[in-house]
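If you want the building blocks of each chain, they are given just below.
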Amino acid sequence: MDSSLILQNLLSPPVLFFFLGVIAVLVGSDLEIPSPLPKLFSLYLLLAIGFKGGLELQHSGLGGQVLPTIAAAVGMSLLVPVYSFLLLKLRFDGFNAAAIAATYGSISAVTFITAEGFLETQKLPFDGFMVAALALMESPAIIVGLLLVKLASPQRRPDAKEMRWQELLREAFLNSSVLLLVGSLVIGLLVAAYSPASVAKMLPFSEQLFYGALSFFLLDMGIVAAQRIRDLREAGAFLVGFSILMPLFNSLVGVLISRGLGLEPGNALLFVVLCASASYIAVPAAMRMTVPEANPSLYISMALGVTFPFNIIVGIPLYMTLVNTFLPSPG
Amino acid sequence: MDSSLILQNLLSPPVLFFFLGVIAVLVGSDLEIPSPLPKLFSLYLLLAIGFKGGLELQHSGLGGQVLPTIAAAVGMSLLVPVYSFLLLKLRFDGFNAAAIAATYGSISAVTFITAEGFLETQKLPFDGFMVAALALMESPAIIVGLLLVKLASPQRRPDAKEMRWQELLREAFLNSSVLLLVGSLVIGLLVAAYSPASVAKMLPFSEQLFYGALSFFLLDMGIVAAQRIRDLREAGAFLVGFSILMPLFNSLVGVLISRGLGLEPGNALLFVVLCASASYIAVPAAMRMTVPEANPSLYISMALGVTFPFNIIVGIPLYMTLVNTFLPSPG
Amino acid sequence: MDSSLILQNLLSPPVLFFFLGVIAVLVGSDLEIPSPLPKLFSLYLLLAIGFKGGLELQHSGLGGQVLPTIAAAVGMSLLVPVYSFLLLKLRFDGFNAAAIAATYGSISAVTFITAEGFLETQKLPFDGFMVAALALMESPAIIVGLLLVKLASPQRRPDAKEMRWQELLREAFLNSSVLLLVGSLVIGLLVAAYSPASVAKMLPFSEQLFYGALSFFLLDMGIVAAQRIRDLREAGAFLVGFSILMPLFNSLVGVLISRGLGLEPGNALLFVVLCASASYIAVPAAMRMTVPEANPSLYISMALGVTFPFNIIVGIPLYMTLVNTFLPSPG
Amino acid sequence: MKRVDLILSERELDAVIKAIDAAGAPGYSVLKHVTGKGPHGLVSDSMDFSGLGANAHVIVFCPEEVLPKLRQGIQPLLDYYGGVAFVAEAEAL
Amino acid sequence: MKRVDLILSERELDAVIKAIDAAGAPGYSVLKHVTGKGPHGLVSDSMDFSGLGANAHVIVFCPEEVLPKLRQGIQPLLDYYGGVAFVAEAEAL
Amino acid sequence: MKRVDLILSERELDAVIKAIDAAGAPGYSVLKHVTGKGPHGLVSDSMDFSGLGANAHVIVFCPEEVLPKLRQGIQPLLDYYGGVAFVAEAEAL
Ligand SMILES: Nc1ncnc2c1ncn2[C@@H]1O[C@H](COP(=O)(O)O)[C@@H](O)[C@H]1O
Ligand SMILES: Nc1ncnc2c1ncn2[C@@H]1O[C@H](COP(=O)(O)O)[C@@H](O)[C@H]1O
Ligand SMILES: Nc1ncnc2c1ncn2[C@@H]1O[C@H](COP(=O)(O)O)[C@@H](O)[C@H]1O
Ligand code: NA
Ligand code: NA
Ligand code: NA
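Throughout what follows, the structure given in this document is the object of discussion.

What counts, and where the lines are drawn
- Residues numbered from 1 in each chain as written.
- Chains lettered and ligands numbered in written order.
- Predicted model: local features only at pLDDT ≥ 70, side-chain atom pairs only at ≥ 80, totals over all residues.
- Heavy atoms only, no water.
- Donors = N, O, S within 2.8 Å, 3.2 Å for Na, K, Ca; no water.
- Buried < 20%, exposed > 50% of the residue type's maximum accessible area, 1.4 Å probe, protein only.
- Helix = DSSP H or I, 4+ residues; strand = E, 2+ residues; numbered from the N terminus.
- Near = heavy atom within 4 Å.
- Polar contact = N/O pair within 3.5 Å; in protein donor to acceptor, adjacent residues only side chain to side chain.
- Areas by Shrake-Rupley, 256 points an atom, 1.4 Å probe, with all protein chains shown as cover.
- Nonpolar A, V, L, I, M, F, W, Y, C, P; charged D, E, K, R; others polar.
- Contact = heavy atoms within 4.5 Å.
- Buried area = accessible area lost by both parts, 1.4 Å probe.
- Salt bridge = Lys/Arg side-chain N within 4 Å of Asp/Glu carboxyl O.
- Phe/Tyr/Trp six-rings, centres within 6.5 Å; stacked < 30°, edge-to-face > 60°.

**What about the coordination of the sodium ion (ligand 6)?**
Residues and elements named next belong to chain C.
Logical step 1: Within the protein, the sodium ion (ligand 6) binds to Tyr 104 (O), Ser 106 (O), Leu 274 (O), Cys 275 (O) and Ser 277 (O); these donor distances fall in the range 2.4 to 2.9 Å.
Logical step 2: Spacing between the donor residues of the sodium ion (ligand 6) along the chain follows Y-x1-S-x167-L-C-x1-S.
Logical step 3: Ser 277 sits in the buried class, given a relative accessible area of 1%.

**Quick word on the coordination of the sodium ion (ligand 5)**
Residues and elements named next belong to chain B.
Logical step 1: Bound to the sodium ion (ligand 5) on the protein side are Tyr 104 (O), Ser 106 (O), Leu 274 (O), Cys 275 (O) and Ser 277 (O), at distances that span 2.4 to 2.9 Å.
Logical step 2: Positions of the donor residues of the sodium ion (ligand 5), expressed as sequence spacing, correspond to Y-x1-S-x167-L-C-x1-S. Here Tyr 104 is found in helix H5 (residues 94-105), whereas its partner Ser 277 is found in the loop between helix H14 (265-276) and helix H15 (282-290), with 173 residues between them in sequence.
Logical step 3: Look at Tyr 104 and you get buried, because its relative accessible area is 1%.

**Quick notes on the site of ligand 2**
Logical step 1: Around ligand 2, the surrounding shell holds 19 residues, and the nearest of these are Ser29(D), Phe61(D), His40(E), Asn55(E) and Gly83(E).
Logical step 2: One chain alone does not account for the residues near ligand 2; they come from chains D and E.
Logical step 3: Between ligand 2 and the protein, one listed contact pairs a nitrogen atom with a backbone N or O atom of Gly27(D) at 3.5 Å.
Logical step 4: Between ligand 2 and Asn55(E), the relevant distance is 2.7 Å, taken from an oxygen atom to a side-chain nitrogen or oxygen of the residue.
Logical step 5: Across the complex, the protein chains shield 95% of the 480 Å² of accessible surface that ligand 2 would expose by itself.
Logical step 6: Elements that contribute at least two residues to the shell around ligand 2 include exactly strand S2 (28-38) and strand S4 (55-62) of chain D together with strand S2 (28-38) of chain E.
Logical step 7: Considering each element in turn, the shell around ligand 2 owes the most residues, four residues, to S2(E).

**Looking at the site of ligand 3**
Logical step 1: Near ligand 3 you find 19 residues, and of these Ser29(E), Phe61(E), His40(F), Asn55(F) and Gly83(F) are the closest.
Logical step 2: Residue neighbours of ligand 3 fall on chains E and F, so the site bridges chains.
Logical step 3: Backbone polar atom of Pro39(F) to an oxygen atom of ligand 3: 3.1 Å apart, as the coordinates give it.
Logical step 4: Between an oxygen atom of ligand 3 and a side-chain N or O atom of Asn55(F), the distance comes to 2.7 Å.
Logical step 5: Protein chains shield 95% of the accessible area of ligand 3, which is 490 Å² for the free molecule.
Logical step 6: Taken together, the elements giving at least two residues each to the shell around ligand 3 come down to S2 and strand S4 (55-62) of chain E together with strand S2 (28-38) of chain F.
Logical step 7: Here the shell around ligand 3 takes four residues from S2(F), the largest share from any one element.
Logical step 8: Taken together, the residues of the shell around ligand 3 sort by class into nine nonpolar, nine polar and one charged.

**Notes on the interface of chain C and chain A**
Logical step 1: Contacts between the two partners involve 27 residues from chain C and, on the opposite side, 31 residues from chain A.
Logical step 2: Together, the buried faces of chain C and chain A total about 2600 Å²; carbon and sulfur atoms form 81% of this surface.
Logical step 3: Glu120(A) is the salt-bridge partner of Lys201(C), the closest N and O atoms lying 2.8 Å from each other.
Logical step 4: Our count for the contact surface shared by chain C and chain A stands at three residue pairs in polar contact (both at pLDDT 80 or more).
Logical step 5: Classifying every residue of the side of chain C that touches chain A gives 17 nonpolar, seven polar and three charged.

**A short note on the packing of aromatic side chains**
Two aromatic rings, taken as a pair, are described by how far apart their centres are and by the angle between their planes.
Logical step 1: In the structure shown here, the tally under the stated rule is 36 aromatic pairs over all chains.
Logical step 2: Ring geometry for Phe205(B) versus Phe216(C): centroids 6.3 Å apart, planes at 80 degrees, classification edge-to-face. Here Phe216(C) lies in helix H12 (residues 210-229) and Phe205(B) lies in helix H11 (residues 196-208), a pairing that spans two chains.
Logical step 3: Phe205(B) sits in the buried class, given a relative accessible area of 6%.
Logical step 4: Using a relative accessible area of 2% as the deciding quantity, one classes Phe216(C) as buried.
Logical step 5: A ring pair is formed by Phe86(D) and Phe61(F), whose centres lie 3.9 Å apart and whose planes are at 15 degrees; its orientation type is stacked.

Laid out in structure tokens, this is it:
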């Protein structure tokens, strides 16, 4: 694998600020970014990435690879939880297995955003429709996870109130990150089409600040991830292994699908990152509410304490190498 | 009326993000911008608009239309509460009538700022002294409102401690939004005059971020306004009608005054917007303190749940049409 | 002294917004920047100044004046507390004398940042290694302060648990502001060396916003400093005098050292500002924890209510005049 | 009068408030951003940005009659999701 | 010792603190950003940006003698602006 | 059951929590950003940006047996750094 890619990724500001956050926790510093400041950055990043995706989608349209790619992305978010569940069921009860499985079927927007930053420094283009894929992969895994709970553990839930499906669907499809992402994408689309003069006025906010805001946010993510690492003793070797090997496996599947779809390298990397990343936002929030029997410190710590850092630090350049190796060279 | 203006306004990022906030509430999403983040944006917008107004005021000076326009603006902020009060007194007690009347005499800085954004996308110029008018229209209505309370309902306030005039004047003239707006205006003036080198260093913060920050803030305003709509059942049809018809009436008065003052179309639109907008910041805060007998959910819901969205969505382009119709064409 | 320098400094946006904050408190306005928004700006400023210093340090390298200057800076942060202590001991017990002494040995990053802004409007260059000096001057004074406590007042601390040196060293060298400053400096260095493409992507965040964010933050500092002024009655004339005369004395020492080191005027001003400024962040936090016998309202009010405004308003241009007078003219 | 203190995850707040209203309490007060520890482990606010949130502290001053209905509405939530509820005496100032 | 809990609008906080000081209480603690519901309706913090603010929760531990004077200073504020005040027993740990 | 209320500087929070854990309490809840006044003067949150912080309010519901050990761990902190601690009765809802 291309070690210069790893190095370039390691030495980019977002990853370095992530390390700084990790170091702060490890050395016992009192560095913290108090609530709700991280929320400001996370709202901003979703708004900006959605808006940008919308602008680009308006230019590229819905033809060509767009719909097949989105369909494949949604398909993966349905499939990954199923095989993850079967594997996890070997060691865990249905509640925990389903919650962890759903986590890995969904995606991490920040990993996606970091991958976009990586592509930009590599001067590799990518398309706006990948943001639509990102948005549409958040929710299905939540539904699959809950179906799995229902199928696998009905007998253990005698007293549980019947599932409140309406509330659940709202949580899956209208939670704040999905709504902000999709809303900003649609706004970007509309503005690019009907109010091009105002696009230029948005860019200093939505584009130019983006990379710095990402770096600042990753400083916080480093702090939070490092705090989570402590919980891993509880998780044990099986789950730590799962948190690295499952993304790797999913990335291989993702590369093969990208090849099948004929994606350009930039889009292929983003597709692979979507397959390989795990949700620590929408899914844990939904699982906490609908499957309280599962232990949140397991699935959050795995997604945030292992898979996220792995993807940010070695995953992205590694997946780039996979893409470069398995995709037909454009020459 | 010019329907393309409405469409252009509807499809601008600030208005679209406002809609996104409204939609989030209507579909029951958990999207929220937690306190004190909205305060950050509201402080920023006041600082930036004041600073910008100061820079422009330094260039234009205080001659020509400046003083007459400001005098007319202050006059409107004294007059509107009086005739609003007489109308409201038909249905309400003196406390509520006075509080609502004061609300409509004062202004909404965010409506003003959105109108500036609208003018910029229309490539219509406007002048810095309009920000001075904005700043000076906030306070007088508060005083008028309290005089109306004193005149209309003394007999019903036997036990009320004598009004604390000092506290009240401070609340009217030194509340945080007036102080920040006026302070930033004066700073803009001084810096433009004596430290031009530092103007350029401020602009990335005060100018370039402005439109994006406005859009982000309007996302929150959409959420808050939609939450307020629920309170309108309590308000009833009379008040909902008042919340739309009074701004329309005030806008007509404003257009005629603009014509009399010989304002350019850009300044005329801003003048009309000042007349037609209602305060949901300074005035409610002051009324809550000094007329606790009035029901805050009435005047806040009217200003924020009806008049503000009306102005943002249809008011601004409608007033632009009025301006284009009633003002002598510049050709 | 050059009164035009004072005027230029007084009329720069950061200083004017500082005044606006002071005025808000004096007139009794409710203007406030609610917590944790000031923390956002203070984190941002440390990150941005560190990153910028790192970029510049990478270009200049560690040769020439770099190491001698840093050594001299650290020397001053060890020396100032010692002679401050001897003076303060004339009037105060060992606890308070040591805590105040440590405060004046350390530095104020915001004063340093404001001085950088001043130099930029004067078009005087300065070097990145001065940020390293800034970072390295924060901690030593904390250690000296605690040694002084230990030496001067052992008999008065019979029950105090033995000092927790590990915790103390962590507080001194790994507190959040030191860590963020040093971390961002190292990141800036690494990025400038190995990932130059991403430097340009950081600049809109780390450079262009800087001056505006500083102005906004100084608005809050004005509010906080003015609130502190009230505590000064308690402090008394001796301490108020100390808060102005000690910085002046330290600035003279700083100018002579700058001359000895052969620093350029820009770097010399920053060196003097480091000597003359007092900490109201890292040191008070450490002293509050390790010397609770000392009265925090004394040392915080002196550093924040007197020395900081003095430096921001008259100190910086005055020190510039000293530098211009005592340093050999570059012609 | 009685004073009821409820501490539980912010995510269950809506359901708890519904139960308080249904029990006929004359009012309630809510503090968010409460961190803590209980049988289900540590709760911090470092995941706040993710929508997971921390705990909320709900205070209800109510007449003794309200307690049984309150208990009935709240207890299932505490049993299923965790959290604590305590009662004490309180009299109007 | 007694424990007094006051919950009222943040905007009246200055007046309340003045009354507590005047009553001779040895100290007090204040929590802002309290939301809630009472006879005057719902209070949220969504209008925070406007300066309207939410409620504050004030806790005062004080000897019983302080109560009458405290009541005298606070009650008019509660009557005019709304809010609640309750007293309970408390002893030093 | 007993209810313990501790109010002290945020900077001593870690030590206090260690003492609570050591005393064997079944749980605790923490609210930060508490301002107030006590024998050591006013505490505001305006210096928050500096890391000095404001006060924290810690609530512990625990069986009476825990109190002696809790007192033993907490009292030295209160004596050295300031802050207050009070106990009251509480029963499970
Ligand atoms: N004994 C206790 N005293 C005070 N707060 C508690 C106690 N037990 C639990 N809590 C609070 O209730 C929250 C939820 O508890 P649980 O989910 O039961 O672990 C905890 O995070 C604490 O904030
Ligand atoms: N019974 C109650 N229990 C707890 N808090 C209350 C109660 N009644 C009122 N409050 C609080 O006091 C605030 C002001 O009450 P009011 O203005 O009287 O409606 C409410 O918003 C609540 O936060
Ligand atoms: N009598 C009291 N009632 C309520 N809170 C108090 C009281 N005394 C002190 N406090 C709180 O405890 C903090 C620390 O107190 P101290 O350091 O002893 O002045 C104060 O800032 C208050 O928040
Ligand atoms: Na995935
Ligand atoms: Na108006
Ligand atoms: Na110094």
